[in-house]
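# Results of the structural survey
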Amino acid sequence: MLRSNITNIQTKNMVKFYLNNNLIKKSINDPQETLLDFLRINQNLKGTKEGCAEGDCGACTILIGKLDKDNKVIYKTANSCILFLPSIDNSHLITIDGLSNSLENLHPIQEAFVKFSGAQCGFCTPGFVMSIYGLLLKTKKPNKSEILNAIQGNLCRCTGYGPIISAAEELSEKYFISNDVLVKNNKYWAQKLNELKSYNIQEKENSKLDYFIPKNLTQLKEILHRNENTTIVAGSTDVGLWVNKQFKNIRPVVFINQINALKSIKITKYKVSIGSLVTYSDFQDFIISYFPNLIEYINRIGGDQIRNMGTIGGNIANGSPIGDIAPLLISLGGKMQISSKEKSKKIYVEDFFIEYGHQAISGNEYIHGFEISNPKNKKFEFKAYKVSKRRYEDISTITGAFYYENILNKKPVARFAFGGMAGIPKRSKSLENLFKENPENNFDENNIETAIKSDFQPLTDCRATSQYRQRVAENLFKKFTYFVNNEFDREEISRVS
Ligand SMILES: Cc1cc2nc3c(=O)[nH]c(=O)nc-3n(C[C@H](O)[C@H](O)[C@H](O)COP(=O)(O)OP(=O)(O)OC[C@H]3O[C@@H](n4cnc5c(N)ncnc54)[C@H](O)[C@@H]3O)c2cc1C
Ligand code: FES
Ligand code: FES
């Protein structure tokens with residue numbers, strides 16, 4: 001049985017998806033071919049633009065529709081420049097070219113852009129239109145801050161954002177998205193995507209296949225077991241750049257984004273389990289109800305497209321010292337499950353990071369998911385801060401996440417984790433001890449400095465000097481203690497200016 005599953009995976013060297021209204025069945029000779037190249041070169045659909053080719057500018061924004069657990073097609077924005085074709089297998093793709101077929105027959109979003117002069121050179125415009133489309137499909141009547149959030153990942157260098165925002169505000173007020181063709185035809189496309197899933201492509205056996213699209217965990221484990229050096233691709237917001245910018249060969253490669261078992265957030269009385277394929281956007285929904293003051297923090301990860309694509313598992317697996325999720329999970333005392341065909345292990349997230357570029361995972365293992373205590377049952381203080389050169393769409397210079405729990409008759413728990421202070425995201429145990437030993441929270445500045453210095457010797461690099469990092473870490477800690485002392489949460493405390 002298992003053997004035939006694997007054979008199936010290896011013999012189907014084709015992906016199938018709907019592109020606007022057309023069914024595409026495409027033989028994959030190069031699994032590193034990007035969706036953007038396919039659209040522009042193979043399909044001659046030149047509306048979707050290439051600006052940066054690294055997920056930063058939004059010129060290549062498209063919508064990807066996927067079936068959710070309620071059998072609805074959910075459309076979300078994504079950057080086609082860093083997506084590989086196998087990642088969109090079994091989905092419904094909408095590009096700017098599918099919105100209208102003539103100047104006389106523009107989509108209402110395009111009409112609003114014309115009305116408010118939301119385009120000058122027009123290079124960024126398709127991306128903006130698709131981002132606003134994604135927003136309206138998600139939020140019927142978005143307010144200004146939701147509009148700004150939705151276009152964080154889109155750069156315009158000539159119009160200025162005012163007219164674009166005005167167009168979006170008018171759409172929010174006057175356009176009834178429930179009349180939109182994608183909303184009205186949702187059932188139709190759900191049926192089409194269901195048919196695609198069971199579509200049987202007859203292909204000759206191809207033993208040279210160097211990519212896989214497993215549909216379940218058994219297949220994934222078997223693939224990794226047989227091919228130890230396979231590159232796992234989840235949201236491809238890192239791997240896409242390895243190919244586009246570093247010209248890496250990532251083959252053999254396994255695209256895991258169709259494994260539903262890795263996509264859920266399960267909440268029980270005592271714990272919350274987060275699948276490794278949960279995207280930042282999905283995580284955001286959970287954060288809103290459990291850690292509302294972290295919303296600003298999550299909103300500062302990439303832009304909307306990146307948040308729709310990037311996964312929690314990918315953010316940890318890449319081992320980055322400046323990934324934004326690690327400090328959160330470490331300070332929450334999070335654990336993670338790492339699995340392979342032979343075994344499954346559970347470790348603390350902080351133990352996953354051994355040293356720069358070296359994590360506690362081997363070539364035939366994958367990250368299954370994460371686990372934290374259910375915060376609803378606890379009384380605690382938790383704050384996280386991100387410092388970066390730009391407010392949005394920027395990688396962190398430093399992050400600090402501070403968790404403190406003091407329950408009567410129990411030992412107090414403090415976990416303070418920093419990103420950007422060492423080769424790995426790491427706790428400052430000296431600072432934690434200092435905090436626990438000072439119930440009054442009256443700290444001598446020198447003690448704070450000494451505590452942080454005894455745990456970190458931060459680097460000087462293009463983002464910041466060592467001294468800057470040291471000083472910012474001290475200030476983030478002070479900000480947290482200010483919050484604890486004052487026991488109130490002003491909006492601007494969770495921001496970093
Ligand atoms: C424009 C842009 C802005 C960004 N902004 C931010 C930001 O603000 N903050 C931030 O933290 N990051 C940011 N990133 C980085 C990126 O979004 C994250 O690192 C992301 O979480 C990676 O997840 P992914 O699913 O896209 O991983 P992928 O790119 O698919 O994979 C990343 C790595 O993880 C491995 N991997 C993925 N899933 C698994 C798994 N389940 N098991 C084992 N290994 C796995 C892959 O093999 C690869 O080594 C940004 C990236 C871009 C392009
Ligand atoms: S081309 Fe810039 S985000 Fe894709
Ligand atoms: S209209 Fe020229 S870049 Fe936006």
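Definitions and cut-offs
Each chain has its residues counted from 1, running along the sequence as written. The order in which chains are written sets their letters, starting at A; the order in which ligands are written sets their numbers, starting at 1. For a predicted model such as this one, the threshold for reporting local features is a pLDDT of at least 70, and the threshold for listing and counting side-chain atom pairs is 80 or more; totals across whole chains, interfaces and linings nevertheless cover every residue. Note on conventions: DSSP H or I runs of at least 4 residues are helices, E runs of at least 2 residues are strands, and numbering of each starts at the N terminus. Between the two quantities, the radius of gyration covers C-alpha atoms and the globule rule is 2.2 Å times the number of residues to the power 0.38. Burial is judged by counting other C-beta atoms within 10 Å of a residue's own C-beta: 20 or more means buried, 12 or fewer means exposed, and anything between counts as partly exposed, with every C-beta placed from the backbone. We call two residues in contact if the C-beta atoms placed from their backbones are at most 7 Å apart. Domain limits in this description derive from either an automatic procedure or a database domain assignment. Strand pairing is assigned whenever DSSP identifies at least 2 bridges connecting the two strands. Here an axis means a line fitted to C-alpha atoms, over the contact stretch when the element is a helix, while the angle between two N-to-C directions is reported on a 0 to 180 degree scale. Residues of type Ala, Val, Leu, Ile, Met, Phe, Trp, Tyr and Cys that are buried and joined through C-beta atoms within 7 Å form what is called a nonpolar core. Proximity of a residue to a molecule or strand is defined by its backbone-placed C-beta atom lying within 6 Å of that partner. Each residue is assigned to one class: nonpolar for Ala, Val, Leu, Ile, Met, Phe, Trp, Tyr, Cys and Pro, charged for Asp, Glu, Lys and Arg, and polar for all the others, Gly among them.

Attention shifts here to the overall build of the chain. Broken down by element type, the chain carries 19 helices and 19 strands. The C-alpha atoms of the chain give 24 Å as radius of gyration, which agrees with the globular expectation for 497 residues (23 Å, within 12%). The dimensions of the chain, computed from C-alpha atoms along their principal axes, are 70 × 60 × 45 Å. The burial tally for the chain puts 43% of its 497 residues in the buried class. Contacts in the chain between residues far apart in sequence, at least 24 positions, make up 68% of those at least 6 positions apart.

Here we come to the domain arrangement of the chain. Assigned domains of the chain: these are domain 1 (2-97 + 184-255), domain 2 (99-175) and domain 3 (263-494). In this structure, domain 1 and domain 3 have C-alpha centres spaced 31 Å apart.

Moving on, we come to the sheet that holds strand 1 (residues 14-19). One open sheet holds the five strands; their spatial order is 2-1-5-3-4, and the pairing between them is mixed. Each edge of the open sheet carries a strand with a single partner, namely strand 2 (22-27) and strand 4 (73-79). Along the sheet, successive strands turn relative to each other by an average axial angle of 30°, direction set aside. Sitting on the sheet, helix 4 (residues 125-138) touches strand 3 (61-67) and strand 4, and the angle it makes with strand 3 is about 30°.

The biggest cluster of nonpolar side chains holds 123 residues, and the ones touching the most others in it are Ile-132, Val-233, Val-254, Ile-256 and Ile-316. If you tally residues by element for this core, the top one is helix 4, at eight residues. Ignoring sequence-local partners within four residues, the contact set of Ile-316 consists of Gly-323, Ile-325, Ala-326, Met-336, Val-349, Phe-352 and Ile-367.

The next thing to look at is the environment of Ser-117. The residue Ser-117 is located in the loop between helix 3 (108-115) and helix 4 in this model. Separated by 257 residues in sequence, Ser-117 and Asn-374 have C-alpha atoms that sit 49 Å apart.

Near ligand 1 you find 30 residues, and of these Gly-55, Gly-235, Asp-238, Gly-314 and Asn-315 are the closest. If you list the elements that add at least two residues to the shell around ligand 1, you get strand 7 (231-233), helix 10 (239-244), helix 13 (304-309), helix 14 (312-317) and strand 15 (366-373). For the shell around ligand 1, the element with the highest residue contribution is helix 14, accounting for four residues. Here the residues of the shell around ligand 1 are counted per class, giving twelve nonpolar, 14 polar and four charged. Residues from two domains meet in the shell around ligand 1; each of domain 1 (2-97 + 184-255) and domain 3 (263-494) gives at least three.

Right, let's get into the environment of Ile-398. Its location among the elements puts Ile-398 in strand 17 (residues 398-405). Judged by the 26 C-beta atoms lying within 10 Å of it, Ile-398 falls in the buried class.

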